[in-house]
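# Topology and contacts: notes
The residues making up each chain are set out below.
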Amino acid sequence: MKILIVEDEEGLRESIEEYFTEAGNICETAATYQSALAKVNMYRYDCILLDITLPGGNGLEILKSLKDNNHPDGVLIISAKNSLDDRLEGLNIGADDYLVKPFHLSELKARVTAIIRRKSYNGSNLLVFNEITIDLQAKEVKIDNTPLKFTRKEFALLLYFIANKGKVVSKNAIAEHLWGDGIDMANNFDFIYSHIKNIRKKLMEAGCTDYIQAAYGMGYKFTDK
């Protein structure tokens, strides 16, 4: 999962980031209204954890911007405000869920997972594409019931390809999806080629069709042959 944590309380923001990062997710953070707005205008996320009260503005305006631009990001509002009006306003604008502080991180994770599963995979833990079956909860890939061993990045990249099947995805988009803010430290995309090479090799050795095609000068496309 790629998650944006919009929260001005430093301790809580860092706790959430550490919790999700240790579970193998990509996390980016924003502590102010302006930095959050800049990120949601530039990048896409599987889920945005959005505080309402932020330095410089109201989190609900960020939610309105997402919906006005038809961005598909999942949104979970996290706020100390517990009034019915705030909750209803956020949900009416288009938030997927609402969690009141304080909360257990395990509950937050369950809510985020449910949002992503509902929005991206029709509420199922299993993603099936021809002979490929992916268990989203166990993070397991099978080819005709034969399990394969994937690294975290390989698993995330295969999911990204299938979620965008039929579309050309650029190397920049792949890198930003897999590494988030950390991609700024990279000076080339050789690591993307290596991950794709490994994925193709593992799939084909298991008898899977080679669905990943290079779109020269643009990126890669996952095709349904």
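Residues numbered from 1 in each chain as written. Predicted model: local features only at pLDDT ≥ 70, side-chain atom pairs only at ≥ 80, totals over all residues. Heavy atoms only, no water.

### Looking at the layout of surface pockets
Volume-wise, the largest pocket comes out at about 1,400 Å³. Forming the walls of the largest pocket are 49 residues, and the residues nearest its centre are Met1, Lys2, Asp46, Ile116 and His177. Within the lining of the largest pocket, the residues separate by chemical class into 21 nonpolar, 13 polar and 15 charged. (1 Å grid on protein atoms, 1.4 Å probe; cavity = no way out; pocket = protein on both sides within 12 Å on 5 of 7 lines; lining within 4 Å. Points joined across faces, edges and corners; volume = space filled by probe spheres on them. Nonpolar A, V, L, I, M, F, W, Y, C, P; charged D, E, K, R; others polar.)

### Re helix H6 (residues 152-163)
Compared with the 16 Å implied by 1.5 Å per residue over twelve residues, the 16 Å span of H6 between its first and last C-alpha is a close match. Turning to H6, its buried residues are Glu154, Phe155, Leu157, Leu158, Leu159, Tyr160, Phe161 and Ile162. (Helix = DSSP H or I, 4+ residues; strand = E, 2+ residues; numbered from the N terminus. Expected span 1.5 Å × (residues − 1). Buried < 20%, exposed > 50% of the residue type's maximum accessible area, 1.4 Å probe, protein only.)

### Here's the deal with the environment of Ala23
Inspection of the secondary structure puts Ala23 in the loop between helix H1 (10-22) and strand S2 (26-30). Through-space distance from the C-alpha of Ala23 to that of Lys109 is 10.0 Å; in sequence the pair is 86 residues apart.

### A short note on the nonpolar core
If you look at the biggest cluster of nonpolar residues, it comprises 29 residues, and the most contacted ones within it are Ile132, Ile134, Leu158, Phe161, Ile174 and Phe222. If you list the elements that add at least two residues to this core, you get strand S8 (126-129), strand S9 (132-135), strand S10 (140-143), H6, helix H7 (171-179), helix H8 (190-205) and strand S14 (219-222). The element contributing the most residues to this core is H6, with seven residues. Apart from the residues within four sequence positions on either side, Ile134 is in contact with Asn125, Leu126, Leu127, Glu140, Val141, Phe155, Leu158, Leu159 and Ile162. Counting 20 residues, the second-largest nonpolar core is a separate cluster that includes Ala30, Tyr45, Ile62 and Ala95. (Core = buried A, V, L, I, M, F, W, Y, C linked by side-chain atoms within 4.5 Å. Contact = heavy atoms within 4.5 Å.)

### Some words on the side chain of Ser79
With respect to the helices and strands, the residue Ser79 is situated in strand S6 (residues 74-79). Ser79 sits in the buried class, given a relative accessible area of 1%. Setting aside residues no more than four positions away along its own chain, Ser79 makes contact with Asp51, Ile52, Tyr98, Leu99, Val100 and Lys101.

### So, the sheet that holds S9
Ordered by their spatial adjacency, four strands build an open sheet running S8-S9-S10-S11, and the pairing between neighbours is antiparallel. The open sheet terminates on both sides in strands that have one partner only, identified here as S8 and strand S11 (146-148). With direction set aside, neighbouring strand axes in the sheet form an average angle of 25°. Direction of pairing for S9 relative to S10: antiparallel, over a ladder of four bridges. The residue bridging Asp135 from the neighbouring strand is Glu140, located in S10. Running at roughly 120° to S9, H6 makes contact with S8, S9 and S10 of the sheet. (Pairing = 2+ DSSP bridges. Axes fitted to C-alpha atoms, helices over the stretch in contact; angles between N-to-C directions.)

### Quick word on the packing of aromatic side chains
As enumerated under the stated definition, the model contains five aromatic pairs in all. Note that Lys2 overlies the ring of Tyr45, its terminal NZ or CZ placed 5.0 Å from the centroid. Positioned above the aromatic ring of Phe150 is the side chain of Lys202, whose terminal nitrogen or guanidinium carbon lies 5.4 Å from the ring centre. (Phe/Tyr/Trp six-rings, centres within 6.5 Å; stacked < 30°, edge-to-face > 60°. Lys NZ or Arg CZ within 6 Å of the ring centre and 35° of its normal.)

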